[in-house]
Amino acid sequence: MANFSTDTVKVIDHPLVQHKLAILRDKYTGTQQFSDLISEIATFMCYEATRDLPLGPTPVETPICTCQAQMIDDRKLALVPILRAGTGMLDGARQAIPAAKVGHIGIYRDHETRQPVDYYAKFPAEIEKRRVLLLDPMLATGGTAVDAISKLKKCGVPGERIKFLCIIAAPEGLEIVQKAHPDVLVYTCHIDDYLNEDAYIVPGLGDAGDRIFGTK
Ligand code: URA
């Protein structure tokens, strides 16, 4: 039985998100609709995950008069999808935060050892000064997420400035991420039941990468 605290996990239970998630789970949903939905959900997730961005007063001249409006103060944001499935969330995330810079992390899970293997990392300049939204639709064993977060921390990004956005989370993965990185907030649309013996999330939605890109 996985053991994690809900303190660092935010479940996005908005009806629009839950409705889209139901269609995503359906095995009869085709590639185009699946990838559109991943993108749309990512937009909503970024909306929630940026709720605490600091605002600062900015004078704006309306057609009527000048007023003090509010604009985001700290615009140093980075979106970092984990290759490959995380890139399916990127367009939607950029719709929500067009000014964000984009990095990529390539980590895969070795099918035999189930250990994460790093093969690529490219981050925007001054990553250590940015707030980072790390994107991966499925938090399964947690190995990839832990490794990607460690990589960002090694580059100087404090855990408090990293948010991990996954559409579905397995309890086992949440426990692993929380133990390794208790300072990182996880945003998810649903905490599913468990991981099966092949490390698939149950009920889940199958292999997210294959369903986004139509590979099998
Ligand atoms: N990755 C996926 O794409 N799906 C799972 O169920 C687990 C990991």
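The structure this text deals with has already been given above.
Since the model is a prediction, treat every value here as computed from it, not as a measurement. (Residues numbered from 1 in each chain as written. Predicted model: local features only at pLDDT ≥ 70, side-chain atom pairs only at ≥ 80, totals over all residues. Heavy atoms only, no water.)

Caption draft 1: Expanded view of the layout of surface pockets. Counted as a void, the second largest pocket has a volume near 320 Å³. Lining of the second largest pocket is provided by 13 residues; of these, Thr 50, Leu 53, Ile 72, Ala 96 and Ile 97 occupy positions nearest its centre. Residue composition of the lining of the second largest pocket, grouped by class: 10 nonpolar, 1 polar and 2 charged. (1 Å grid on protein atoms, 1.4 Å probe; cavity = no way out; pocket = protein on both sides within 12 Å on 5 of 7 lines; lining within 4 Å. Points joined across faces, edges and corners; volume = space filled by probe spheres on them. Nonpolar A, V, L, I, M, F, W, Y, C, P; charged D, E, K, R; others polar.)

Caption draft 2: Representation of the environment of Gln 70 within the structure. Mapped onto the fold, Gln 70 is located in strand 3 (residues 66–72). What makes Gln 70 partly exposed here is its relative accessible area of 47%. Distance in space between the C-alpha atoms of Gln 70 and Pro 54 is 9.6 Å, their sequence separation being 16 residues. The contact partners of Gln 70, leaving out residues within four places of it in the chain, are Leu 55, Gly 56 and Pro 57. (Helix = DSSP H or I, 4+ residues; strand = E, 2+ residues; numbered from the N terminus. Buried < 20%, exposed > 50% of the residue type's maximum accessible area, 1.4 Å probe, protein only. Contact = heavy atoms within 4.5 Å.)

Caption draft 3: Inspection of the site of the ligand at higher detail. Around the ligand sit 9 residues in total, of which Tyr 200, Ile 201, Gly 206, Asp 207 and Ala 208 are the nearest. One of the backbone N or O atoms of Ile 201 is found 2.8 Å from an oxygen atom in the ligand. Between the ligand and the protein, one listed contact pairs a nitrogen atom with a backbone N or O atom of Gly 206 at 2.8 Å. If the ligand stood free it would expose 240 Å²; the protein chains cover 90% of that surface. Residues that form the shell around the ligand fall into these classes: 6 nonpolar, 1 polar and 2 charged. (Near = heavy atom within 4 Å. Polar contact = N/O pair within 3.5 Å; in protein donor to acceptor, adjacent residues only side chain to side chain. Areas by Shrake-Rupley, 256 points an atom, 1.4 Å probe, with all protein chains shown as cover.)

Caption draft 4: Quick peek at the nonpolar core. Judged by nonpolar contacts, the single largest core of 36 residues is most densely connected at Leu 24, Met 45, Met 89, Leu 133, Leu 165 and Ile 167. Those elements that provide at least two residues to this core are helix 1 (15–25), helix 2 (31–49), strand 4 (77–83), helix 3 (90–96), strand 8 (131–135), strand 10 (162–169), strand 11 (185–191) and helix 6 (208–213). Considering every element that reaches this core, the biggest residue donor is helix 2, with 8 residues. Those residues in contact with Leu 133, other than ones at most four positions away along the chain, are Cys 46, Ala 49, Thr 50, Ala 78, Leu 79, Val 80, Ile 97, Lys 163 and Leu 165. Ala 78, Leu 139, Ala 145 and Leu 174 belong to the second largest nonpolar core, which has 25 residues in total. (Core = buried A, V, L, I, M, F, W, Y, C linked by side-chain atoms within 4.5 Å.)

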